[in-house]
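Breakdown of the fold
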Amino acid sequence: GGVTKEFFQLLSEELFDINSGLWSSKYGDEVNWFNSDNTWDEKGYEMIGVLFGLALYNNVLLDVRFPMAVYRKLLGLPLGLEDIVDAELRRGLKQLLDYEGDDVEDIFCLSFEVTWMELGEERRLDLKPDGANISVTKDNREEYVLRYVSWILVDSIKSQWEAFESGVMRIMEDASLDLFLPEELELLVVGSGELDFKALESNTTYEGGYTAESEVIKNFWRFVNDASKETQVQLLKFATASTKAPIGGLGKMPFIIQRAGPDSSLLPTSHTCFNTLLLPDYGSDYDKLANNLGRAVLECEGFGLE
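How each quantity is defined
- Residues numbered from 1 in each chain as written.
- Predicted model: local features only at pLDDT ≥ 70, side-chain atom pairs only at ≥ 80, totals over all residues.
- Heavy atoms only, no water.
- pLDDT = per-residue confidence, 0-100.
- Contact = heavy atoms within 4.5 Å.
- Helix = DSSP H or I, 4+ residues; strand = E, 2+ residues; numbered from the N terminus.
- Polar contact = N/O pair within 3.5 Å; in protein donor to acceptor, adjacent residues only side chain to side chain.
- Expected span 1.5 Å × (residues − 1).
- Buried < 20%, exposed > 50% of the residue type's maximum accessible area, 1.4 Å probe, protein only.
- Pairing = 2+ DSSP bridges.
- Salt bridge = Lys/Arg side-chain N within 4 Å of Asp/Glu carboxyl O.

On average, residues of the protein score 91 in pLDDT, and 97% of them reach the 70 mark or higher. Confidence over residues 302-306 falls short of pLDDT 50; this stretch has eight contacts with residues more than four positions distant or in other chains.

The following block contains the structure:
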């Protein structure tokens, strides 16, 4: 139901927050990637895995920004350079592979060793035995990139990933996830960010005496189409407890606008479990609809209590 959907939404906003310490701060709010420094909260990663599995099992969308590498790892697919989250690092490794000269060793000055900062201290690790003393050359650079990619995507987050995957598999152990492509699995988890409100309008049904020709309904769609992308997303969340479109887009999502009594000062409300917007009949007063609907949308978070 709607409360279940909003519960997942609020919980995911908290757990996937960069300030939780579970995610790398390097990518800000744009990407959720495992914080390799966090070696003290395996239960937190396991809980996120359980949340992920429950949302997938219950067909509830999550507000999470995992890179494609996460879905590839869950499906047991091989990882490559294109899965590196850090765009600058990815470009640098590609430049190494694409360099046509014979003086790779002199130009790039690399060895089979990685260095990184952990809790303010520099750490070093050999990518192969005695790696610090093995220079990267034109002949062995592909091996270097393969080992580096494996360290970044697998070894450096091994404990965090295993805890997360354990949580997912507690829920989805008997599911045939391998039937999906990574892109399909991502769509099942987070939905589509492409919001076609014209398609939603075409698919909307009306109850309580409303029709597509009712003045308040015309004003409603005028408000939606004139609204900013942010307001549209908040409106979708208000009515459905989700900020994304399901598979197939908004045109495939059942949506109902129901008359909630005659003209009054009351704000619109919603039954998110049924994707139903309860809209008082403000008649032809567009300003009143825009003001009341805007207020309702902004105050929707927290099961209507905030």
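On to the side chain of Ser242. Within the secondary structure layout, Ser242 lies in the loop between helix H11 (229-240) and strand S4 (255-259). Here the side chain of Ser242 touches Lys244 through a polar contact of 3.2 Å, landing on its backbone nitrogen. Discounting chain neighbours no more than four positions away, the residues touching Ser242 are Gln9, Leu61, Leu236 and Lys237.

Here we come to H11. Between its first and last C-alpha, H11 extends 16 Å over twelve residues, near the 16 Å set by a 1.5 Å rise per residue. Listed in full, the buried residues belonging to H11 are Gln232, Val233, Leu235, Leu236, Lys237, Phe238, Ala239 and Thr240. Immediately downstream of H11, the backbone of Ala241 shows phi near 65 degrees, a positive value.

Bridge analysis of strand S3 (residues 204-207) against S4 gives four bridges, and the strand direction is parallel. In the strand pairing of S4, Glu207 is matched with Gln258. With four bridges connecting them, S4 and strand S6 (residues 276-279) associate as parallel partners. Bridge pairing in S6 places Ile256 opposite Thr276.

Counted under the stated rule, the structure contains 16 salt bridges. Glu46 serves as the salt-bridge partner of Arg170, at 3.2 Å between the closest nitrogen and oxygen. Remark: Glu46 occurs in helix H2 (residues 42-57) and Arg170 occurs in helix H7 (residues 158-172); sequence separation between them is 124 residues. Residue Arg170 is classed as exposed on the basis of its relative accessible area of 57%. You can call Glu46 buried: its relative accessible area is 17%. Arg124 is the salt-bridge partner of Glu113, the closest N and O atoms lying 3.1 Å from each other. With Glu113 in strand S1 (residues 113-118) and Arg124 in strand S2 (residues 121-126), this residue pair connects regions lying eleven residues apart in the sequence. Classification of Glu113 by relative accessible area gives buried; the value is 19%. Beyond isolated ion pairs, a larger network of salt bridges with shared partners links Lys43, Glu46 and Arg170.

Position of Asn292 relative to the elements: it lies in helix H12 (residues 286-298). A distance of 3.3 Å separates a polar atom in the side chain of Asn292 from a polar atom in the side chain of Tyr282. Beyond its immediate chain neighbours, meaning those up to four positions away, Asn292 contacts Ser264, Ser265, Leu266, Leu267, Pro268 and Tyr282.

Attention shifts here to the pairing of S1. By the bridge criterion, six bridges tie S1 to S2 in an arrangement that is antiparallel. Bridge pairing links Glu113 to Asp126 in S2. Hairpin connection, S1 to S2: the antiparallel pair is bridged by two residues, and Leu119 has positive phi, about 55 degrees.

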